[in-house]
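# Close look at the chain arrangement
Letter by letter, the chains look like this.
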Amino acid sequence: MTNRSVRAVFISDIHLANPNSQVTLLAEFLRTTDMETLYLLGDIVDLWKLSTRKGRWSRQHEAILKLILAKANNGTKVVYVPGNHDPFFRHFADTTLGPISVEHEAIHTAATGERYLLLHGDRFDDDIYCGHFWWHLGEWAYESIVTLNRYLNRVRFLFGKPYWSLPGALKVRSKKARAYIESFETRVIQYAQSQGVQGVICGHIHQGTLRVSDGFVYANDGDWVESCTALLEHHDGSLELLQVPHNATAPGTRLHPAMAPEPGIAMSNQTR
C-alpha cells in the first residue's frame, strides 16, 4: 500500500547485479512511494560486474526492474539518464525503451518553477582523473570495503547493534577522498551554472548531499549500495534527501529526513 506521495523521485547508483546492491530496501521504498515522475540518474544496472562475471543477478534484482516498469505503465513518468556502469543504454538517448524515456542529460522543472539539470556525473572524471592504476585500485578498494561492511553489519545486527558505515567513516577521515568529492562538486556546479539552471541533481560518487550556496542548489541523490538515499521533490516544490535505515522494520517509518534546505530558501523564486 502506498503511504507516501511526492511530485518527483531522483535515485541513482542502484548497481543491480552487484552483490552489494541494497535491493530489499529499495523495493520497499518503491512500493511505498507514489510519484508523478521517477528519474533514474545512472548506474542502474552494473554492466561492468556482468561483463567481468563478478556480478550476480537474482530475482530480487529483477524485481526492481519490474517495479519500475509497473510504475511507468501505471502513469508515472520515468526518465533514465545512463551512467558509466550502464553506458550501453546511452545508445538509446533521445528515444524510449518501452514506457521509459532515455536522455543523456535532462531538465526537471520544479513546482515552483526552478529548473534543475539532471546528469549522472561521470562526464567530469577526465577532469579529476588520477591515473589508470590508481583509478582501478580505488574501484577495487571501495568494492572490498563495501563488501566487508556488509558482513560486518550482519554481525553487528546479531548483537543488536545499529548499522554503521565503514566506507562513510573512511571517507570522512581520508583527505584524498574529501578532495576528490570537493573537486567533483565544484565541476558539476560550474557546468550546471553555465547551462542557465537554478540547480543540479546528480549521482556517481555515492555521496548523498543537499545544500544551497548563493541561491544555487547542489543535490547528489547518493546510492543504493551503501547509503540507501533518494532525493524527493514534494508537491510544494521543496526538496528533501531521505535515507532508508538498514535495520528498520516498522512499516511506514523506513525513511527519515537526512538533509533538506530551509523552507523558502532553496525553492523560492524570490531568492534567485
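None of the values given here were measured: they were computed from a predicted structure. (Residues numbered from 1 in each chain as written. Predicted model: local features only at pLDDT ≥ 70, side-chain atom pairs only at ≥ 80, totals over all residues. Heavy atoms only, no water.)

## Considering the side chain of D43
Relative to the elements of secondary structure, D43 occurs in the loop between β2 (33-40) and α2 (47-51). Buried charge without a partner: D43 forms no salt bridge, and the closest opposite charge is R90, 6.7 Å away. A distance of 3.2 Å separates a polar side-chain atom of D43 from the backbone nitrogen of N84. (Helix = DSSP H or I, 4+ residues; strand = E, 2+ residues; numbered from the N terminus. Buried < 20%, exposed > 50% of the residue type's maximum accessible area, 1.4 Å probe, protein only. Lys, Arg positive; Asp, Glu negative; His and termini not counted. Salt bridge = Lys/Arg side-chain N within 4 Å of Asp/Glu carboxyl O. Polar contact = N/O pair within 3.5 Å; in protein donor to acceptor, adjacent residues only side chain to side chain.)

## Remarks on the packing of aromatic side chains
Throughout the structure, instances matching the rule amount to eight aromatic pairs. Judged by centre distance (5.6 Å) and plane angle (70°), the ring pair of F88 and F92 falls under edge-to-face. What makes F92 partly exposed here is its relative accessible area of 29%. Here the aromatic rings of F124 and F184 are separated by 6.4 Å at their centres, their planes lie at 85°, and the arrangement is edge-to-face. Remark: F184 occurs in helix α6 (residues 175-194) and F124 occurs in the loop between β7 (115-118) and α4 (132-158); sequence separation between them is 60 residues. Exposure remark for F124: the relative accessible area of 5% places this residue in the buried category. Taking relative accessible area as the criterion, F184 reaches 0% and is therefore assigned buried. Aromatic ring contacts, followed pair by pair, group Y80, F88, F89 and F92 into a single cluster. The ring of F124 carries R123 above its face, with NZ or CZ at 5.7 Å from the centroid. Over the face of the ring belonging to Y191 we find R123, whose NZ or CZ atom lies 4.1 Å from the ring centre. (Phe/Tyr/Trp six-rings, centres within 6.5 Å; stacked < 30°, edge-to-face > 60°. Lys NZ or Arg CZ within 6 Å of the ring centre and 35° of its normal.)

## Some remarks on unusual backbone geometry
One non-glycine residue with positive phi stands out, namely H204, at about 80°. Since its relative accessible area comes to 13%, H204 is described here as buried. The residue C228 is not glycine, and still its phi comes out positive at about 55°. With respect to the element layout, C228 can be found in the loop between β10 (216-220) and β11 (229-233).

## Observations regarding helix α3 (residues 59-73)
In this model, α3 (15 residues) spans 20 Å end to end at C-alpha, consistent with the 21 Å of a helix rising 1.5 Å per residue. Considered for burial, the residues of α3 that qualify are H61, I64, L67, I68, K71 and A72. The buried residues of α3 all sit within an arc of 135° when viewed along its axis, so they share a single face. The outward face of α3, more than 90 degrees from its buried face, is lined by the exposed residues R59, K66 and N73. Where α3 is buried, its residues contact α1 (23-31), β2, β3 (77-80) and β5 (100-102). Residue G75 follows α3 closely and has a positive phi angle near 110°. (Expected span 1.5 Å × (residues − 1). Arc of directions from axis to C-beta. Contact = heavy atoms within 4.5 Å.)

## Quick look at the pattern of salt bridges
Once their charged atoms are close, side chains differing in charge can pair, the charge on each being opposite to the other. In total, this model carries five salt bridges according to the counting rule given. As a salt-bridge pair, K66 and E62 come within 3.3 Å of each other at their nearest N and O atoms. Linking K66 with E62, this pair stays in helix α3, spanning four residues, or about one helical turn. Taking the relative accessible area as the measure of exposure, K66 reaches 53% and is therefore exposed. In this structure E62 comes out as partly exposed when scored by relative accessible area, which is 33%. A salt bridge links R90 to D122; the nearest nitrogen and oxygen atoms lie 2.7 Å apart. Of this pair, R90 sits in the loop between β3 and β4 (95-97) while D122 sits in the loop between β7 and α4, placing them 32 residues apart in sequence. Using a relative accessible area of 27% as the deciding quantity, one classes R90 as partly exposed. Note on D122: relative accessible area 14%, which makes it buried.

## Quick look at the sheet that holds strand β6 (residues 106-109)
The sheet built from five strands is open, its strands ordered β6-β7-β8-β10-β9 with mixed pairing. One side of each edge strand has no neighbouring strand; the edge strands of this open sheet are β6 and β9 (209-213). Geometrically, the sheet is characterised by an average inter-axis angle of 20° between neighbouring strands, direction not taken into account. Here four bridges tie β6 to β7, and the two strands are oriented antiparallel to one another. Bridge assignment links T109 to a residue of β7, and that residue is R115. (Pairing = 2+ DSSP bridges. Axes fitted to C-alpha atoms, helices over the stretch in contact; angles between N-to-C directions.)

## Remarks on the pairing of β3
With four bridges connecting them, β2 and β3 associate as parallel partners. Pairing of L40 across the sheet is with Y80, part of β3. Here β3 pairs with β5 via three bridges, running parallel. When the bridges of β5 are listed, Y80 appears paired with V102.

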